[in-house]
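Survey of secondary and tertiary structure
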Amino acid sequence: MTSRYQHSVVLCTAGYDHTIKFWAAPEGKCYRTLNFPDSQVNQLAITPDKQFLAAVGNCHARLFDVMKDVSMPVRTFNGHSGNVTAVGFQKDRKWMFTGSEDGTLKIWDMRQRSGFQRSYPSKAAINTAVLHPNQGEIISGDEDGNIRVWDLTANACSYELVPDGKCAIRSITIAPDASLVMAANNRGTCFIWKLNEGGGGNVFQPLHKIEAHDTYCLKALISPDVKYLATTSADKTIKIWDITNKFQLEKTLVGHQRWVWDCCFSADSQYLVSASSDMTAKLWKLNTGGVLMDYKGHQKAVTCVALNDNN
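This report concerns the structure included in the present document. (Residues numbered from 1 in each chain as written. Predicted model: local features only at pLDDT ≥ 70, side-chain atom pairs only at ≥ 80, totals over all residues. Heavy atoms only, no water.)

1. Notes on the sheet that holds strand 26 (residues 290-296)
To be explicit about the condition: In short, DSSP must find at least two bridges between two strands for them to pair. Each helix is a run of H or I in the DSSP string that is no shorter than four residues. Each strand is a run of E no shorter than two, and both are numbered from the N terminus. Axes, fitted as lines to C-alpha atoms, cover a helix only where it is in contact. Angles between the N-to-C directions of the axes lie from 0 to 180 degrees.
Spatial strand order, 23-24-25-26: 4 strands in an open sheet with antiparallel pairing. Each edge of the sheet is formed by a strand with only one pairing partner; in this case those strands are strand 23 (260-265) and strand 26. Sheet twist, expressed as the mean angle between neighbouring strand axes with direction ignored, is 20°. Bridge count for strand 23 against strand 24 (residues 271-276) is 5 bridges, and the pairing is antiparallel. When the bridges of strand 24 are listed, Val260 appears paired with Ser276.

Put into C-alpha cells, the structure is as follows:
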C-alpha cells in the first residue's frame, strides 16, 4: 500500500458516530470526514474503479464521490423500509445491490435515477449479501438462518439451504474464483461449501465446518488469493484460518478491546484492516500477526471498513 493518498489506496471506516472517515493508510491520518446524519452506518462498499463509495444505514443508501472533496452525496437511494445491512456493486458499476432488515434484496441501476429496478422478497431480515463473481447471482443470509441464491437472469430464488436451524446467518463470503462459499452464524460456527456449477444438482457441496468462536461470528471473509479465511467476533478477536491446510487455525489477532464487526484484506492478501466497537480500526500484518497502525478518530463504535488498493 502506497504512502501517499492520491487514491491508489482508498480506506474508509464508519459506524455509530454518524461519520465516514477516509484514511491515509500507512500514516494513519484521517484526511476527510463525511457526515451520515440519518443513522449509524452499517456497511461500506467502494466501486471497483475507486470512483464512488456507498454507505448504508437505517432505510437509506448514499453514494459519495471518492475523488472529489464534496460533502454531499452524489445520490441517495430510497426504497427500503428497514435497516440496510448489505451493499455491493456489479464489476462495471452498472448496478448496485442492497439487502435490508425489511426482508428484501434490491437492485439499483446506476445509470437511472428512478428508484430500484428489482426487489426480491426474502422471508426474514437480511443480514448479509454478496455478489457471485459471475455477476449473475447474489447470495443472501438472513435472521432466520436461511441462505438463498438469487438468480438475476431467471429473476428468482434458485437455491436455498438452512445450515443450522433458526440460528441467524451473520456473514457470507465467496471466493474470488467462485470455488468456495462460507457462512458464519450467531453461534460462532462457520460453514464451508464447494460451489458446483449447474447440472441441476446441489449448488452447495458441504466441505467443512469450523467452530470458529464461542459467541457471535460477525464477519467471515476469504482472502483474494483464496489461501485464508478471516473471522471476526464479539469475543474481541480476529482469527485467520488456513484454507490450503484443511482450515487449520493459523493465527488469532488480539488487540481490540471490544467486538470486532468487520474486516477487509489488502489486494495482495498480506494485510488486514479491522473495525471494532472500541472506536478504532487496525491494520494488521498477517505474517507476523502484529498491528502496524491504529486508526483513531471515531467517537463511537466503528462497525464497517472498506478498502480498495487494487492497482
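2. A closer look at the sheet that holds strand 6 (residues 58-65)
To summarise the sheet geometry, strands pair through backbone hydrogen bonds and adopt either a parallel or an antiparallel arrangement. Ordered by their spatial adjacency, 7 strands build an open sheet running 4-5-6-7-8-9-10, and the pairing between neighbours is antiparallel. The open sheet terminates on both sides in strands that have one partner only, identified here as strand 4 (43-46) and strand 10 (118-121). Across the sheet, the mean angle separating the axes of adjacent strands is 30° when strand polarity is ignored. The sheet contact formed by strand 8 (residues 95-100) and strand 9 (residues 104-109) spans 5 bridges and is antiparallel. Opposite Phe97, over in strand 9, you have Ile107 as the bridge partner.

3. Regarding the packing of aromatic side chains
For clarity, the cut-off: Classification of ring pairs uses Phe, Tyr and Trp, with its six-membered ring standing for Trp, and accepts pairs whose centres are within 6.5 Å; under 30 degrees between planes counts as stacked, over 60 as edge-to-face, and the remaining range as tilted. Accessible area is worked out with a 1.4 Å probe on protein chains only. A residue is then buried under 20% of its type maximum, exposed over 50%, and partly exposed in between. Placement of a charge over a ring requires the Lys NZ or Arg CZ to be within 6 Å of the ring centre, with the centre-to-atom vector within 35 degrees of the ring normal.
Following the criterion strictly, the structure yields 10 aromatic pairs and no others. Ring centres of Phe191 and Trp193 lie 6.1 Å apart, and the angle between their planes is 20°; on these two criteria the pair is classed as stacked. Classification of Phe191 by relative accessible area gives buried; the value is 10%. Measuring from centroid to centroid gives 5.6 Å for Tyr216 and Trp259, while their planes differ by 45°, and the two rings are tilted. You can see Tyr216 sitting in the loop between strand 18 (204-211) and strand 19 (217-222) and its partner Trp259 sitting in the loop between strand 22 (248-254) and strand 23, a full 43 residues away along the chain. Residue classification places Trp259 among the partly exposed positions, given a relative accessible area of 32%. By way of ring pairs, the aromatic residues Tyr159, Phe191, Trp193 and Phe204 are connected into one cluster. In this structure, Lys106 packs its charged tip against the face of Phe116, placed 4.1 Å from the ring centre.

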